[in-house]
Amino acid sequence: MRLPHYVLMLVVCAAGCRATQTPTAEKKLPAPLQVLQIKHPGTEKVFVGTQIEAIAEGLPPGRKVDLIWKTVNGGWVIEDYFHFRGKKFTETAKSLGHVETDDNGRLFAHFEVPEDYGGVHEIVVSDSGTPIAQGGVEVSQTFEIHPTEGPVGTPIEVRVKGLGWRTMESTWVINWDNQEAGWISATDTHGSATARFRASGGVGNHQVRVLTGYMGQGYLNHEQAPNAYLPRPSFAFRVTPGNGARSAYAEPYAKQPVPKSEGANVSMTPTQGPVKTRAALKAGGLPAGTAVSVMWGTWEGSRVSGNGFAPKETELTKLTIGADGRIDMSLDIPDDLGGLHTISIRSGDRVVAKTYFVIETSIVSISPASGPAGTPVTIHLKGVGWTDYDNIYVATYDNGYMGYACGFNSKGDVVVNFTAAGSPGVHLIDFYPGIYQGPEGAQQLYRLPQLTYADDHPGNHIPALRFAFEVTR
């Protein structure tokens, strides 16, 4: 219905009074938006990549207009390097292209749904910045599994597109043979990510179900949920004879970001690696003949003791700057927490240069690697982190949640003891990045492992750690 372009105020007096009509100033209202009809021939739902027809009438004739896709930007929020603060999004828009209206003011446009968050998206026709038509689509989620068969230890990927940014549409949980393997998300990656886990169990078919689980745990009575409109896909993976599992390995580390060095021309090579890495520290332009200390910066404390935690520096070595004002020396990276550390060159209380090094989590051992059911097993790690988002690893046994291990209180040195279980054969133990804690009242994503860790983990992107134990007869 069209809105009036003016308003009249009519004042009616009682009997015996003089009737008057009081005019008001004419109030200009925006012209009404035309309806942008959205058609997607041959498909019941809209997905990333769906071909769309957009049609509108009653527009200015012979005009070149913009087709605008409304969406959001944002993702995980990290504060002061170590606090996990949940999610934050802001509205934004991007162009789908330019279209011309015909001589009768009709618009016919074609576009492909971009790779983006799922959920409802507004589509606007804009004439020199002024909206003149409006429509919308609801983008649904898609899930694919690759491969569909292989021996125990085969890496499996569940590739997702169109995960939403709103809470109810943002998080799913993978069940392997009715056990929770972990949760998947695409918060930092605009709705697209890949969940990674491994095939486990005996030869034959194994069920892989993807459940909605906005609180980080699978929701079983999906049909009665308020978000029952969301998909709940299922797959079968066939475990074939053989063994594709290595006994113990860490997946490759992504390049970790480090802040820009400060002060003199100072650098560390390499900038990341496990504890005991031999690194080269170089600096130039320092005051000749000055006595300096090379300091290692870390954090010390505990989140659970009540005493809190704070930064701490330890002296690695003392030296005197030569006549050329340079330092060129080797350092062995200390046995310490994983994550970002400072290397400072101090002259008394003054920092004359500062650079950075990132400690990677590394595997020391799994011992033993075989034995009958009931065998005590120990896994030993070094360089586990301390922030809200990398101070725990969450463990699964044959794709079933087993528990988590924390590295802050022990300065990154983590020892996990458990007992081998199951029938004779190879059993998998996988350690996944998790989130230790976050804001109260938000999603409780702190129990299960995050299977989309490689794409969408908040903060540092750290790898999974993989182990195998053979139960013998």
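Residues numbered from 1 in each chain as written. Predicted model: local features only at pLDDT ≥ 70, side-chain atom pairs only at ≥ 80, totals over all residues. Heavy atoms only, no water.

Draft legend 1. Local environment of the overall build of the protein. A count of helical and extended segments in the protein gives 1 helix and 36 strands. Compactness check: the protein gives a C-alpha radius of gyration of 30 Å against a globular reference of 23 Å for 473 residues, more than 25% above the reference. Summarising its shape, the C-alpha atoms of the protein cover approximately 100 × 70 × 50 Å along the three principal directions. Burial statistics for the protein: of 473 residues in total, 47% are counted as buried. Within the protein, residue pairs in contact and separated by at least 24 positions form 69% of the contacts whose partners lie at least 6 positions apart. (Helix = DSSP H or I, 4+ residues; strand = E, 2+ residues; numbered from the N terminus. Rg over C-alpha atoms; globule rule 2.2 N^0.38 Å. Buried < 20%, exposed > 50% of the residue type's maximum accessible area, 1.4 Å probe, protein only. Contact = heavy atoms within 4.5 Å.)

Draft legend 2. The arrangement of the nonpolar core in detail. In terms of nonpolar packing, the biggest core is built from 30 residues, with Phe143, Val158, Ile174, Ile184, Phe197, Val208 and Leu451 touching the most fellow members. Elements with a minimum of two residues in this core: β11 (142–146), β13 (155–161), β14 (172–176), β15 (179–184), β16 (193–198), β17 (204–212), β18 (234–243) and β35 (425–433). Aside from chain neighbours lying at most four places away, what touches Ile184 is Phe143, Val160, Leu163, Ser170, Thr171, Trp172, Ile174, Ala195, Val210, Leu451 and Thr452. (Core = buried A, V, L, I, M, F, W, Y, C linked by side-chain atoms within 4.5 Å.)

Draft legend 3. Spatial organisation of the pattern of salt bridges. With the rule as written, the count across this model stands at 19 salt bridges. With its nearest N and O atoms 2.8 Å apart, the salt bridge here joins Asp430 to Arg198. Of the two residues, Asp430 sits in strand β35 while Arg198 sits in strand β16, which places them 232 residues apart along the sequence. Exposure remark for Arg198: the relative accessible area of 1% places this residue in the buried category. One network of salt bridges, in which partners are shared, links Glu157, Arg159, Arg196 and Asp455. (Salt bridge = Lys/Arg side-chain N within 4 Å of Asp/Glu carboxyl O.)

Draft legend 4. Here's a closer look at the sheet that holds β14. Read from one edge of the open sheet, 5 strands run β12-β18-β17-β14-β15, paired in mixed fashion. Two strands in the sheet have a free side with no partner beyond their single neighbour: β12 (149–152) and β15. Averaged over all pairs of adjacent strands, the angle between their axes in this sheet comes to 35°, without regard to strand direction. When β12 meets β18, the two strands line up parallel, connected through 3 bridges. Within the sheet, the bridge partner assigned to Val152 lies in β18 and is Asn243. (Pairing = 2+ DSSP bridges. Axes fitted to C-alpha atoms, helices over the stretch in contact; angles between N-to-C directions.)

Draft legend 5. Highlighting the confidence of the model for the protein. Per-residue confidence for the protein gives a mean pLDDT of 91; residues scoring 70 or more make up 93%. Below pLDDT 50 for its whole length, residues 1–25 participates in 18 contacts with residues either more than four positions away or in separate chains. (pLDDT = per-residue confidence, 0-100.)

Draft legend 6. Fine view of a nonpolar patch on the surface. On the surface, Met168, Tyr214 and Tyr229 cluster together to form a nonpolar patch covering roughly 270 Å² of accessible area. With respect to the helices and strands, the residue Tyr229 is situated in the loop between β17 and β18. (Patch = residues over 30% accessible without salt bridge, like charges linked within 9 Å, V, L, I, M, F, W, Y side chains within 5 Å. Areas by Shrake-Rupley, 256 points an atom, 1.4 Å probe, with all protein chains shown as cover.)

Draft legend 7. A look at the packing of aromatic side chains. Counted according to the given criterion, the structure contains 20 aromatic pairs. Arranged with centres 5.6 Å apart and planes meeting at 55°, the rings of Trp76 and Phe84 form a pair that is tilted. Across the pair, exposure class does not vary: Trp76 and Phe84 are buried alike. Measuring from centroid to centroid gives 6.1 Å for Trp176 and Phe197, while their planes differ by 75°, and the two rings are edge-to-face. Linking Trp176 in strand β14 with Phe197 in strand β16, this pair joins segments that are 21 residues apart in sequence. For the pair Trp176 and Phe197, a shared accessibility class is recorded, and that class is buried. An aromatic cluster is built from Tyr81, Phe82, Trp299, Phe309, Trp386, Tyr389 and Phe408, whose rings are joined through pairwise contacts. (Phe/Tyr/Trp six-rings, centres within 6.5 Å; stacked < 30°, edge-to-face > 60°.)

Draft legend 8. The sheet that holds β16, seen in detail. Taken together, the 3 strands give an open sheet; going across it, the order is β11-β13-β16, and neighbouring strands pair in antiparallel fashion. The strands lining the two open edges of the sheet, one partner per strand, are β11 and β16. The sheet shows a mean angle of 20° between the axes of neighbouring strands, taken without regard to direction.

Draft legend 9. Region of the structure containing the pairing of strand β21 (residues 265–269). Alternating positions in β21 separate cleanly, Val266 and Met268 being buried on one face and Asn265, Ser267 and Thr269 remaining unburied on the opposite face. Sheet topology note: the β21/strand β23 (residues 278–284) ladder contains 5 bridges and is antiparallel. Across the sheet, the residue bridging to Asn265 is Gly284, located in β23.

Draft legend 10. Representation of the environment of Asn399 within the structure. Among the structural elements, Asn399 can be located in the loop between β32 (392–397) and β33 (400–406). Each C-alpha atom, one on Asn399 and one on Lys70, is 39 Å from the other, the two residues being 329 residues apart in sequence. In contact with Asn399, other than residues within four places in its own chain, are Trp176, Gln179, Glu180, Ala181, Phe197, Arg198, Ser200 and Asp430. Within polar-contact distance, the side chain of Asn399 engages the backbone oxygen of Arg198 at 2.7 Å. (Polar contact = N/O pair within 3.5 Å; in protein donor to acceptor, adjacent residues only side chain to side chain.)

Draft legend 11. Structural detail: unusual backbone geometry. At the junction of His146 and Pro147, the peptide bond is cis and its omega measures out at -15° in the coordinates. Secondary-structure assignment places Pro147 in the loop between β11 and β12. Between Ser367 and Pro368 the backbone carries a cis peptide bond, its omega angle lying at -10°. Locating Pro368 in the fold gives a position in the loop between β29 (362–367) and β30 (370–372). At Lys411, a position not held by glycine, the phi torsion is positive, near 55°. Secondary-structure assignment places Lys411 in the loop between β33 and β34 (414–419).

Draft legend 12. Structural context of the pairing of strand β36 (residues 465–472). Counting buried residues along β36, 6 of its 8 residues qualify, which places the element largely inside the surrounding structure. For strand β19 (residues 248–250) and β36, the ladder comprises 3 bridges, and the chain directions are antiparallel. Within the sheet, the bridge partner assigned to Ala248 lies in β36 and is Phe467. Where β35 and β36 come together, 7 bridges link them in antiparallel fashion. Residue pairing across strands places Leu428 opposite Ala468, the latter belonging to β36.

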